[in-house]
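# Structure assessment
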Amino acid sequence: FWGGGLKKNLSLLKLKATYGLVGNDQIGSADDRFFYLSNVNMDAASNLQFGENFTTTTPIINISRYANDRISWETARKLNLGVEIGLWDKITIQADYFRERRTNILMKRESIPSSMGLQADLRANVGEASSHGFEVALEGSHFFKPDIWITGRANVTYATSKYEVFEEPDYGYPWLSWVGLPIGQPTGLIAERLFVDEADIANSPKQTFGDVMPGDIKYKDINEDGLINSQDCVPIGYPTVPNYVFGFGLSTGIKGFDFSFFFQAATQCSFFIDPNLTAPFVDTKQSIFGGRVANNAMLQAWADDYWSESNRNSYAQWPRLSPETVSNNIQRSTWWMRDGSYLRLKSVEVGYTLPKRWTQKAHIEGVRIYFSGLNLLTFSNFKIWDTEMGSNGLNYPIQKVYNL
């Protein structure tokens, strides 16, 4: 089977398979670890006041955790199948498929009614989730002559996951359930447009996120109850972690010259502009400024396209301007959702190595002159700032680097 032409063409064949049961005991925060013990404060502060002038208070007993000796760690059943193939001693292919089923995930018992009068949340190992994906890597090299060569590499990774069992109450609406959704799936409101005027507001479902004015975002009433609230939130976009990640590059040399480049890419991912951190003129009041007024700058994109009395564009990129945060307009919604896909020229380098017959005369082992650059080009549907910066375009940007 291994003789003849097959051995000549197929220089490597390796099959791999693993299966295992893995435990995870990192299921609680550092200050809440011993779930088999109750946590009772016998001297908790109280707002109960009594006495002739209602100035007398007394401590109360407070329970912040109920004992549960059945809580255990998470368990994960992991499967990995792989193959390595070598062709003609020049090309190597590695491919792996992985799958995981995680059970006993610690979750808050949302199905326990508040009418039971419990002081603390009840938690149990009731959640389940699954994930799967694949990874493929390709490398190749070839020498045409001792001083003419080329090498290349490419890889792609795909990974997705979903909730199989999720502790949640009966919401009454199927779009509010997390069962079957990817882990990290964003949810939010469906934004239709901006309100045109007061009559438009009066003739639309009531939005419950603060006072609404013309130029504010108008949301869709999903359950058609005449109110826009959390029950109108639906899954929107892709997870913020890309489902697909790619990379490919090439290196080549001809006599003393060499050239190389590498691209990276990601797709099937979403991100959300943070309307609070990028709102112009709004005092961010961040602690890093020591309490000083720290008004945000005005991004050119918002200056070029915002709603105003003189520009009643219902689809302007930015709603009406305000010196304060407008609660209605900072809700997570499709208005701020953007495609996070991109293709980036991550690195490029070109160089020339001086012939040894030149350098050896100067008693130098070798001299190479080269130019290299990082993050030189990015292709993306989102143009306001670098896609990899995510939600806040006022953060420190990703740098382009030139070296000579």
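Up top you'll find the structure we're talking about.
Residue numbers restart at each chain and count upward from 1, following the sequence in its written direction. At least 70 in pLDDT is required for a residue's local features to be given in this predicted model, at least 80 for side-chain atom pairs to be given and counted, and no such filter applies to totals for whole chains, interfaces and linings, which use all residues. Only hydrogens and water are removed before side-chain values are computed, so all heavy atoms of the structure are retained for them.

Helix and strand assignments come from DSSP, with helices taken as H or I runs of at least 4 residues and strands as E runs of at least 2, each series counted from the N terminus. With respect to the helices and strands, the residue Thr151 is situated in strand 7 (residues 148–165). Buried residues are those whose accessible area, probed at 1.4 Å on protein chains only, stays under 20% of the maximum for their type, while exposed residues exceed 50% and partly exposed ones sit between those limits. Classification of Thr151 by relative accessible area gives partly exposed; the value is 23%. Counting along the chain gives 101 residues from Thr151 to Thr252, while the straight-line C-alpha distance between them is 6.3 Å. Each polar contact in these results corresponds to two N or O atoms within 3.5 Å; when the atoms are within protein, one needs to be able to donate a hydrogen and the other to accept it, and residues that are neighboring in sequence are counted only if both atoms are side-chain atoms. Of note is the side chain of Thr151, whose polar atom sits 3.4 Å from the side chain of Arg153.

Glancing now at a nonpolar patch on the surface. To count toward a patch, a residue needs a relative accessible area above 30% and no salt bridge. Like charges then connect within 9 Å, nonpolar side chains (Val, Leu, Ile, Met, Phe, Trp, Tyr) within 5 Å. Here the open area of atoms and residues is found with the Shrake-Rupley method and a 1.4 Å probe, where only the protein chains shown may cover a residue. The salt bridge definition used is simple: a Lys or Arg side-chain nitrogen within 4 Å of an Asp or Glu carboxyl oxygen. A surface patch of nonpolar side chains, amounting to about 540 Å² of accessible area, comprises Phe259, Val350, Phe371, Tyr402 and Leu404. Here Tyr402 shows up in strand 20 (residues 401–403).

Looking now at the sheet that holds strand 14 (residues 244–254). What the 10 strands build is an open sheet, ordered 1-4-5-6-7-14-15-18-19-20; its pairing is antiparallel. Of all strands in the sheet, those with a lone pairing partner are strand 1 (10–24) and strand 20, marking the two edges. Going across the sheet, the axis of each strand differs from the next one's by a mean of 10°, ignoring polarity. One ladder, built from 11 bridges, connects strand 7 with strand 14; its direction is antiparallel. In the strand pairing of strand 14, Val156 is matched with Phe246. At least two bridges found by DSSP between two strands is the condition for calling them paired. Convention adopted: a line fitted to C-alpha atoms gives each axis, helices being fitted over their contacting stretch, and angles between N-to-C directions are expressed from 0 to 180 degrees.

The topology assignment puts Asn392 in the loop between strand 19 (368–379) and strand 20. At 3.0 Å, the side chain of Asn392 forms a polar contact with the backbone nitrogen of Leu394. Here Asn395 takes part through its side chain, which lies 3.4 Å from a polar atom of the side chain of Asn392. Setting aside residues no more than four positions away along its own chain, Asn392 makes contact with Leu277, Thr278 and Trp385. The contact criterion used is simple: two residues touch if any of their non-hydrogen atoms lie within 4.5 Å.

Pairing of strand 14 with strand 15 (residues 257–267) involves 11 bridges; the strand directions are antiparallel. Following the sheet pairing, Gly253 is matched in strand 15 by Asp258. Hairpin connection of strand 14 to strand 15: two residues between the antiparallel strands, including Lys255 at a positive phi of 55°. Summarising the sheet, strand 15 and strand 18 (residues 342–353) pair through 10 bridges and their orientation is antiparallel. Residue pairing for strand 18: Gln264 is matched across the bridge by Arg344.

Interpretation in functional terms is not warranted from these geometric data alone.
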